[in-house]
Amino acid sequence: MKETQWNAEKRTQKHTPGKHCICRGLVQYQEGFPFYFKMVLDKININFENCDYLPEEKETYQVGEEMNEKIKDFLISGMEKGDLRDNLEITPTIFNFGGMLAGIIQLSANKEEYIKSEMGLSKNPFLEYGFHMLYCSIENKKN
């Protein structure tokens, strides 16, 4: 178990801090507003023309849109710099990447004790390992 934690910590040290900025922001949001964070993955109202919605629904929608915009900026910038694969379809990648990030973060919150007990990892190394796996899925390996 200790070797797994050491490997995860070593892998995360190789990355520049900017690569996980979105990830860390989402972790902070989940820790500060766990109820709202859970709503990001749930089905929510997207029709705000009528008055039949809760204010929390609109706020959650807006947070999700901001998250999507940050991921979009990250993807476009990374593709332009050559850090990310140039064949990524932006909109589906935003939605999938955001969902996977949120899933990893929610999983780490829900299963923190299990992860520590069974994997010997605390929450942060587990998250960093997951973030690294996601980044590798879109990274330009040709550089």
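Bear in mind that the values here come from a model prediction, so they are computed numbers and not experimental data.

Procedures and definitions
- Residues numbered from 1 in each chain as written.
- Predicted model: local features only at pLDDT ≥ 70, side-chain atom pairs only at ≥ 80, totals over all residues.
- Heavy atoms only, no water.
- Core = buried A, V, L, I, M, F, W, Y, C linked by side-chain atoms within 4.5 Å.
- Buried < 20%, exposed > 50% of the residue type's maximum accessible area, 1.4 Å probe, protein only.
- Contact = heavy atoms within 4.5 Å.
- Helix = DSSP H or I, 4+ residues; strand = E, 2+ residues; numbered from the N terminus.
- Phe/Tyr/Trp six-rings, centres within 6.5 Å; stacked < 30°, edge-to-face > 60°.
- Axes fitted to C-alpha atoms, helices over the stretch in contact; angles between N-to-C directions.
- Parallel < 35°, antiparallel > 145°, perpendicular 65-115°, else oblique.
- Left-handed = near helix turned anticlockwise from the far one by under 90°.
- Nonpolar A, V, L, I, M, F, W, Y, C, P; charged D, E, K, R; others polar.
- pLDDT = per-residue confidence, 0-100.
- Salt bridge = Lys/Arg side-chain N within 4 Å of Asp/Glu carboxyl O.

Enquirer: What am I meant to see in the nonpolar core here?
Expert: In globular proteins that are soluble, nonpolar side chains generally tend to be buried together. Formed by 25 residues in total, the largest nonpolar core has its most connected members in Leu 75, Leu 101 and Phe 131. Once residues lying within four places of it in the same chain are set aside, the contact partners of Leu 101 are Ile 22, Cys 23, Leu 26, Ile 71, Phe 131 and Leu 134.

Enquirer: What am I meant to see in the environment of Glu 69 here?
Expert: The residue Glu 69 is located in helix 4 (residues 55-81) in this model. On the basis of relative accessible area, Glu 69 is assigned to the partly exposed category, the value being 43%. Placed 25 residues apart in sequence, Glu 69 and Ile 94 show a C-alpha to C-alpha distance of 8.4 Å.

Enquirer: Would you mind going over the packing of aromatic side chains with me for this structure?
Expert: To describe a pair of aromatic rings, you give the distance between the ring centres and the angle between the ring planes. Under the definition given, this model contains 6 aromatic pairs. A centroid spacing of 5.6 Å and a plane angle of 70 degrees characterise the contact between Phe 35 and Tyr 36, whose relative ring orientation is edge-to-face. For Tyr 36, a relative accessible area of 21% translates into the label partly exposed. By the ring-pair criterion, three or more aromatic residues cluster together here, those being Tyr 29, Phe 33 and Phe 37.

Enquirer: What's the story with the packing of helix 2 (residues 21-32) against helix 5 (residues 90-110) in this structure? I'm lost.
Expert: Each pair of packed helices can be described by the angle between their axes along with the distance between the axes. Packing of helix 2 against helix 5 leaves a shortest axis separation of 10 Å and a crossing angle of 45 degrees. The angle between helix 2 and helix 5 falls in the class oblique. In the crossing of helix 2 with helix 5, the sense of the turn from one axis to the other is right-handed. Side by side, helix 2 and helix 5 meet where Ile 22, Cys 23, Leu 26, Val 27 and Gln 30 of the first sit next to Leu 101, Ile 105, Gln 106 and Ala 109 of the second. Here the contact of helix 2 with helix 5 is built from residues that sort into 7 nonpolar, 2 polar and no charged.

Enquirer: Where do I start with the confidence of the model for the chain in this structure?
Expert: As a note on interpretation, predicted positions should not be read in detail where pLDDT is low. Across the chain, pLDDT averages 83, with 85% of residues at or above 70. Element-level pLDDT for the chain is lowest in helix 1 (residues 2-13), with a mean of 37, against a maximum mean of 96 in helix 6 (residues 112-119). Low pLDDT, under 50, characterises residues 1-17; the stretch is placed with 19 contacts to residues that sit more than four places away or in other chains.

Enquirer: Looking at this model, I keep getting lost on the side chain of Thr 93. Mind explaining?
Expert: In this fold, Thr 93 is placed in helix 5. The exposure class of Thr 93 is buried, given its relative accessible area of 14%. Here Thr 93 is in contact with Leu 75, Leu 88 and Gly 98, once residues within four sequence places are set aside.

Enquirer: Where do I start with the side chain of Ser 108 in this structure?
Expert: Assignment of secondary structure puts Ser 108 in helix 5. Not counting residues up to four positions away in its chain, the partners in contact with Ser 108 are Ile 115, Lys 123, Phe 126 and Leu 127.

Enquirer: Help me out: how do you make sense of the pattern of salt bridges in this one?
Expert: Between side chains of opposite charge, a pair can form as their charged atoms come close. The final tally for this structure, using the stated rule, is 3 salt bridges. Between Arg 24 and Glu 128 there is a salt bridge, with its nearest N and O atoms 3.9 Å apart. With Arg 24 in helix 2 and Glu 128 in helix 7 (residues 123-138), the pair connects residues that are 104 residues apart, well separated along the chain. We classify Glu 128 as buried; its relative accessible area is 15%. Of the charged contacts, one joins Lys 123 and Glu 31 as a salt bridge, the two residues approaching to 3.2 Å between their closest N and O atoms. With Lys 123 in helix 7 and Glu 31 in helix 2, this pair connects stretches of sequence that are 92 residues apart.

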